[in-house]
Amino acid sequence: MKILFATSEASPLIKTGGLADVSGALPVALRDIHVDCRLLLPGYPSVLGTLHDIVEVARFPSLPLGFEGRLLMGTLPRESVPVYVLQLPAAFGRAGGPYQNSQGIDHEDNAWRFACLSKVAALLASDQSPIEWRPDILHCNDWQTGLAPAYLHFMGRPVPSVMTVHNLAFQGVFPPDTLAMAGLPPECFAVEGAEYFGSVSFLKAGLYYADRLTTVSPSYAQEIQREPLGMGLQGLLHTRRADLTGIVNGINTGEWNPASDLHTARSYNAKALTGKKLCKLELQKELGLNPERNTPLFGFIARMTHQKGLDLVLECAADLVARGAQLAMLGTGDRALEHAVRDMAMRHPGQVACYVGYDEGLSHRIEAGCDFFLMPSRFEPCGLNQLYSLRYGTVPIVHATGGLRDTVEDGVTGFQIDAPTRPALWGAIERALALYADQAGWLQMIHAGMKLDLSWEQSARQYEAVYRDLLKARDPQ
Ligand code: ADP
């Protein structure tokens, strides 16, 4: 089975969030179970600079607005996953992030940039492909590749497509004339199409035209069929519920392994936890926290946005300090939240610490060095940090939503709160602190989390089942 996995980010080439983790790992896991999965990515400077063995394999002379793109091919470092790259310097060869400039403002031509990516994805899956390798299925991810199923539809559906939602909050909404720019026919601008409250939504196009839909946890698959998490698309998603599957993400167990983590001072495993205590002391020293081995240490890592419930963590911070606990926070995002975090750290030196910025190594050291991990997200399609926490013996405290509900078992592997509120979070923190004082119960919970199988293999098998089902439905022979 051949799958073209079209995505706008993939770790370790380019990453802003969980989509990159999935795109970097799922294709590897699929290949391990003999699915010929290949990636398609935009040619950002970091992608071109990191890929191995890049060669040009084709040209696309007429992308939206008449641009010519080049198709390069390379392989993921350390893995044997073939990666196709759309090299289009006018779209992707620029400074800043993949979607925003260095001031944090969306690139104003995002509609064109990702229409080009979507168009190339569809072309590669069609009879017009300039290369020999042809996928059986086109697998699209989030709004950046959402137009691809629409292109495929208007090409006569040469192959079926799967659309995966990693976060419904990002929908790629643009003015109505976007479709003409993208070269899609006017009938695409309809409720039964890409139209979304008078605008065009790339994600809606994907959700409407793709043959199958998936999202990154069973609970999130249910939640997005209703208000408020459907975010305007609940009607369409409810109508298509028979085609919608929730599959929890795995984690990269090579990269995220406390027994061989390259970023931490000491290694450890479920049977020998001494290294974890040393990681805690090292982390306390690194962040300027008082190096006290018996003080409960809470961690938080996330994009600093309203979604992640950082405001609730901050509301609990002073009480945490009063109870003698410590808090380590890592993230970047909203300026006001960044400011509030720095302010909190300044008011409680030695007890609260933060690093405002993006730091992969520190994120590993926080996972390894903390006793608890706070994740009171208002919504969370899957979430990765609670999975890393489980693997690192760092008890997660989560809001029972989306993937957090599906992966953390209350009282067994962590703690759940039933609402994203301060009293609920504080209640769970109290429960956690009580457990911390009970050495045997505490160790039991750590072990229960550390022994879970969080690898991609199980998830890859579920995706494979979706693919097989789709091909069977299309060709019952
Ligand atoms: P989302 O995709 O909504 O950002 P996820 O929990 O699915 O949330 O994935 C977030 C990923 O990004 C995790 O791998 C997390 O460790 C990482 N991450 C987020 N912020 C930072 C940061 N400031 N420094 C390092 N890693 C970060």
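Numbers given for residues are sequential positions, taken from 1 along each chain in its written order. The predicted nature of this model means local features are confined to residues of pLDDT at least 70 and side-chain atom pairs, given and counted, to a pLDDT of 80 or more, with totals for whole chains, interfaces and linings taken over all residues. Each side-chain value is worked out from all heavy atoms of the structure, with water and hydrogens disregarded.

## Quick look at the site of the ligand
Part 1 of the reasoning: Proximity is defined per residue: any heavy atom of the residue falling within 4 Å of a molecule or strand makes that residue near it. Close to the ligand lie 19 residues, the nearest being Gly18, Arg303, Lys308, Gly357 and Leu384.
Part 2 of the reasoning: Aspartate 359 is positioned with one of its backbone polar atoms (N or O) 3.0 Å from a nitrogen atom of the ligand.
Part 3 of the reasoning: N or O atoms within 3.5 Å of each other form a polar contact, as long as, within protein, one can give a hydrogen and the other can take it, and as long as residues adjacent in sequence are counted only when both atoms are side-chain atoms. Leucine 384 places a main-chain nitrogen or oxygen 3.0 Å from an oxygen atom of the ligand.
Part 4 of the reasoning: The Shrake-Rupley method, run with a 1.4 Å probe sphere, supplies the accessible areas, and residue values consider only the shown protein chains as cover. Taking 560 Å² as the accessible area of the ligand by itself, protein coverage stands at 93%.
Part 5 of the reasoning: Where helices and strands are cited, they refer to DSSP runs of H or I of at least four residues and of E of at least two residues respectively, numbered from the N terminus. The set of elements that each furnish at least two residues to the shell around the ligand consists of helix 1 (18–32), strand 13 (297–304), strand 14 (326–333), helix 13 (360–369) and helix 14 (385–391).
Part 6 of the reasoning: A per-element tally of the shell around the ligand places strand 13 first, with three residues.

## Some thoughts on the pattern of salt bridges
Part 1 of the reasoning: Note on definitions: salt bridges are taken to be side-chain nitrogens of Lys or Arg within 4 Å of carboxyl oxygens of Asp or Glu. Considering all chains together, one arrives at 25 salt bridges under this definition.
Part 2 of the reasoning: Salt-bridge contacts for aspartate 36 lead to arginine 31; the nearest nitrogen and oxygen are separated by 2.9 Å.
Part 3 of the reasoning: Arginine 422 is the salt-bridge partner of aspartate 319, the closest N and O atoms lying 2.2 Å from each other. Of the two residues, aspartate 319 sits in helix 11 (residues 310–322) while arginine 422 sits in helix 16 (residues 422–437), which places them 103 residues apart along the sequence.
Part 4 of the reasoning: Three labels apply to residues, based on accessible area from a 1.4 Å probe with only protein chains included: buried if under 20% of the type maximum, exposed if over 50%, partly exposed otherwise in between. Since its relative accessible area comes to 32%, aspartate 319 is described here as partly exposed.
Part 5 of the reasoning: Look at arginine 422 and you get partly exposed, because its relative accessible area is 23%.

## Considerations on the sheet that holds strand 14
Part 1 of the reasoning: Paired strands, as defined in this entry, are two strands with at least two bridges between them according to DSSP. What the six strands build is an open sheet, ordered 15-14-13-16-17-18; its pairing is parallel. The two strands at the open ends of the sheet, each matched to only one other strand, are strand 15 (352–356) and strand 18 (415–417). The sheet shows a mean angle of 20 degrees between the axes of neighbouring strands, taken without regard to direction.
Part 2 of the reasoning: Inspection of the sheet shows strand 16 (residues 372–375) paired to strand 17 (residues 395–399) by four bridges, in the parallel sense. Bridge pairing in strand 17 places methionine 375 opposite valine 398.
Part 3 of the reasoning: In this analysis, two residues are considered to be in contact whenever any of their non-hydrogen atoms come within 4.5 Å of each other. Fitted lines through C-alpha atoms give the axes, limited to the stretch in contact for helices. The angle between two N-to-C directions lies from 0 to 180 degrees. Here helix 13 sits on the sheet and contacts strand 13, strand 14, strand 15 and strand 16; the angle it forms with strand 13, its principal contact strand, is near 150 degrees.

## Some points on the packing of helix 1 against helix 18 (residues 456–474)
Part 1 of the reasoning: Interhelical geometry of helix 1 versus helix 18 gives an angle of 75 degrees and a closest axis separation of 9 Å. Comparing the axis directions of helix 1 and helix 18 gives the class roughly perpendicular. Here Val22, Ala25, Leu26, Ala29 and Leu30 of helix 1 come into contact with helix 18, specifically with Trp456, Ala460, Tyr463, Glu464 and Tyr467.
Part 2 of the reasoning: Think of it as three bins: nonpolar holds Ala, Val, Leu, Ile, Met, Phe, Trp, Tyr, Cys and Pro, charged holds Asp, Glu, Lys and Arg, and polar takes everything else, Gly as well. Across the contact of helix 1 with helix 18, the residue classes break down as nine nonpolar, no polar and one charged. Under this scheme an angle from 65 to 115 degrees is roughly perpendicular, one under 35 degrees roughly parallel, and one over 145 degrees roughly antiparallel; angles in between are oblique.

## A short note on the packing of aromatic side chains
Part 1 of the reasoning: Pairing of aromatic side chains here covers Phe, Tyr and the six-membered ring of Trp, requires ring centres within 6.5 Å, and sorts the geometry by plane angle: under 30 degrees stacked, over 60 edge-to-face, intermediate tilted. Counting across every chain of the model gives 20 aromatic pairs.
Part 2 of the reasoning: For the pair phenylalanine 372 and tryptophan 442, a centre-to-centre distance of 4.9 Å together with 55 degrees between the ring planes defines the contact as tilted. Placement of the pair is phenylalanine 372 in strand 16 and tryptophan 442 in helix 17 (residues 439–450), with a sequence separation of 70 residues.
Part 3 of the reasoning: Assessed through its relative accessible area of 0%, phenylalanine 372 is described here as buried.
Part 4 of the reasoning: Measuring from ring centre to ring centre gives 5.0 Å for tyrosine 436 and tryptophan 442, while their planes differ by 75 degrees; the resulting arrangement is edge-to-face.
Part 5 of the reasoning: Residue class for tyrosine 436 comes out buried when judged on its relative accessible area of 16%.

## Observations regarding the pairing of strand 16
Part 1 of the reasoning: Burial along strand 16 is two-sided: the residues Phe372 and Leu374 and Phe373 and Met375 are all buried.
Part 2 of the reasoning: Bridging between strand 13 and strand 16 involves two bridges; their strand directions are parallel. Each residue of the ladder has a partner; that of phenylalanine 298, found in strand 16, is phenylalanine 372.
Part 3 of the reasoning: Orient the strands so they point away from the viewer; a crossover is then right-handed if the path from the first strand over the helix to the second runs clockwise. Of the crossover connections in this fold, the one passing from strand 16 over helix 14 to the parallel strand 17 is right-handed.

## Thoughts on the domain arrangement of the chain
Part 1 of the reasoning: How far each domain reaches was decided by an automatic or database domain assignment. For the chain, the assigned domains are domain 1 (2–250 + 457–474) and domain 2 (274–453).
Part 2 of the reasoning: In this assembly, 20 residues from domain 1 lie in contact with 17 residues from domain 2.
Part 3 of the reasoning: The quantity reported as buried area is the accessible area (1.4 Å probe) lost by two parts once they are put together, taken as the sum for both. Counting each side, the surface lost to burial between domain 1 and domain 2 is near 1,400 Å², with a carbon and sulfur contribution of 56%.
Part 4 of the reasoning: Across the contact surface, domain 1 and domain 2 share one salt bridge.
Part 5 of the reasoning: A salt bridge links lysine 15 to glutamate 360, with the nearest nitrogen and oxygen atoms 3.8 Å apart.
Part 6 of the reasoning: Summed over the shared surface of domain 1 and domain 2, the result is seven residue pairs in polar contact (both at pLDDT 80 or more).
Part 7 of the reasoning: Elements with a contribution of two residues or more to the side of domain 1 that touches domain 2: helix 1 and helix 8 (218–223).
Part 8 of the reasoning: A total of four residues in the side of domain 1 that touches domain 2 trace back to one element, the largest contributor, which is helix 8.
Part 9 of the reasoning: Residues of the side of domain 1 that touches domain 2, tallied by class, amount to eight nonpolar, nine polar and three charged.

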